[in-house]
Amino acid sequence: MSVVAPDPVARVEALLEELERLDDPARATALDAVTALLDLYGEGLGRFVDHVAAHDDDGSLAGAVAADPLVAHLLLVHGLHPVPLRDRVLGALNDVRPYLESHGGNVELLGTEDGVVRLRLEGSCSGCPSSTMTLKLAIESAIYKAAPDVDRVEADGAPQEEAPLLQIELAGPSRGWTTPKGIAFTGNGPVLRRVDGADLVFVRVDGTQYAYRAICPGCGASLAAASLNGIQLACTTCDHRYDVRGAGRCLDAPQLHLQPVPLLVGEAGEVSLAVAG
């Protein structure tokens, strides 16, 4: 029987919590020892990064080292990450841009000052009732994974009443994304699948897959029996039609809007979904 190794970061955090519960002077001595070890490893990592920089003419070695999640975490703890914050954020946005463009939207990076990432949502993402969900599950998740040292994300173009600020913690796993099996299909759909306890409807238009919550916002009925005509997904209960490529906007009742689910297709064809939220 195979044994799954514990998460080293989680183990360290658990041990630190135990240290906090010790009585003085044992707690103070233990925390001093931990601090000294951090300083020691930080100094060693700093010298390591300097050596890499001195022999890495094209930056490929630094990028390969920083691509390891555990190494990247240690470098961030000591403020030594070799890839600038702006470059990491741009890389994260490029990862989710195909999803945004598939729904007629886009995102522009306005700046990364003092740990705050400033974005502008464009196209269907701007002012869209679902843009907060898109921001939270697609854009924030990608930024959080690539740059956990970001303090806050601000987005122009998000609905004002839904608060454009998103808080991002320093450490922790990427949130919200799952890669279920058996999602890819060859037809255009619609196809109903249950993922993480949620009923989703999948369709394909011009070779691009889309996923939406399988509930019609007009009548509340399931979209399991919905029909697809070109880019239009029609509810067979109330006949409302929704623009699949336009982030689910209703074509005959502008106040209605399907809830899109961020969907990314990997190089191997695997489908990842951000269902939570």
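These remarks concern the structure in this document. (Residues numbered from 1 in each chain as written. Predicted model: local features only at pLDDT ≥ 70, side-chain atom pairs only at ≥ 80, totals over all residues. Heavy atoms only, no water.)

### Some words on the environment of Pro254
Argument step 1. Positionally, Pro254 belongs in the loop between strand S12 (249-250) and strand S13 (263-265).
Argument step 2. Overall, Pro254 belongs to the exposed group, its relative accessible area being 74%. (Helix = DSSP H or I, 4+ residues; strand = E, 2+ residues; numbered from the N terminus. Buried < 20%, exposed > 50% of the residue type's maximum accessible area, 1.4 Å probe, protein only.)

### Description of the nonpolar core
Argument step 1. Judged by nonpolar contacts, the single largest core of 20 residues is most densely connected at Val89, Leu93, Val117, Leu119, Ile139, Ile143 and Val150.
Argument step 2. Mapped onto this core, the elements with two or more residues apiece are helix H5 (85-102), strand S1 (105-113), strand S2 (116-123), helix H6 (131-146) and strand S3 (152-156).
Argument step 3. Considering each element in turn, this core owes the most residues, seven residues, to H5.
Argument step 4. Residues in contact with Leu93, not counting those within four places in the same chain, are Val107, Leu109, Leu119, Ile139 and Ile143. (Core = buried A, V, L, I, M, F, W, Y, C linked by side-chain atoms within 4.5 Å. Contact = heavy atoms within 4.5 Å.)

### Let's talk about the side chain of His240
Argument step 1. Tracing the chain through its elements places His240 in the loop between strand S10 (232-234) and strand S11 (241-243).
Argument step 2. One polar contact links His240 to Asp252, side chain to side chain, over a distance of 2.9 Å.
Argument step 3. If we skip the residues at most four places from it in the chain, His240 touches Gly218, Leu233, Ala234, Cys235, Cys250, Asp252, Ala253 and Leu256. (Polar contact = N/O pair within 3.5 Å; in protein donor to acceptor, adjacent residues only side chain to side chain.)

### Some remarks on the side chain of Gln209
Argument step 1. By the element assignment, Gln209 lies in strand S8 (residues 208-213).
Argument step 2. When its relative accessible area of 10% is taken as the criterion, Gln209 is described as buried.
Argument step 3. Among the polar contacts listed, one links the side chain of Gln209 to the side chain of Arg204, at a separation of 3.1 Å.

### Observations concerning the pairing of S1
Argument step 1. In the sheet, S1 pairs with S2 via eight bridges, with the strands oriented antiparallel. Bridge pairing in S2 links Leu109 to Leu119.
Argument step 2. In sequence, S1 turns back onto S2 through a hairpin of two residues, with Asp114 there showing a positive phi of about 55°. (Pairing = 2+ DSSP bridges.)

### Quick notes on a negative patch on the surface
Argument step 1. Together, Glu13, Glu17, Glu18 and Glu20 make up a region of like negative charge exposed at the surface.
Argument step 2. Classification of Glu20 by relative accessible area gives partly exposed; the value is 46%. (Patch = residues over 30% accessible without salt bridge, like charges linked within 9 Å, V, L, I, M, F, W, Y side chains within 5 Å. Areas by Shrake-Rupley, 256 points an atom, 1.4 Å probe, with all protein chains shown as cover. Salt bridge = Lys/Arg side-chain N within 4 Å of Asp/Glu carboxyl O. Lys, Arg positive; Asp, Glu negative; His and termini not counted. Charge placed at Lys NZ, Arg CZ, Asp CG, Glu CD.)

### Looking at the sheet that holds strand S9 (residues 227-229)
Argument step 1. A sheet is described by the order of its strands in space; here four strands give the open sequence S9-S10-S11-S12, paired in antiparallel fashion. In this open sheet, the two edge strands, each paired with only one partner strand, are S9 and S12.
Argument step 2. In this sheet, S11 lies alongside S10 in antiparallel orientation, the contact comprising three bridges. By the bridge assignment, Leu233 is partnered in S11 with Tyr242.

### Re the sheet that holds strand S14 (residues 271-274)
Backbone-to-backbone hydrogen bonds pair the strands of a sheet. The strands run either parallel or antiparallel.
Argument step 1. Read across the sheet, three strands follow the order S5-S14-S13 without closing on themselves; strand pairing throughout is antiparallel. Of all strands in the sheet, those with a lone pairing partner are strand S5 (177-178) and S13, marking the two edges.

### Focus on the state of the cysteines
Argument step 1. For the structure on display, the rule yields zero disulfides.
Argument step 2. With no disulfide of its own, Cys216 lies closest to Cys238 among cysteine sulfurs, the gap being 3.5 Å.
Argument step 3. Judged by its relative accessible area of 1%, Cys216 falls in the buried class.
Argument step 4. No disulfide involves Cys250; its sulfur sits 7.5 Å from that of Cys216, the nearest cysteine.
Argument step 5. Residue Cys250 is classed as buried on the basis of its relative accessible area, which comes to 8%. (Disulfide = S-S within 2.5 Å.)

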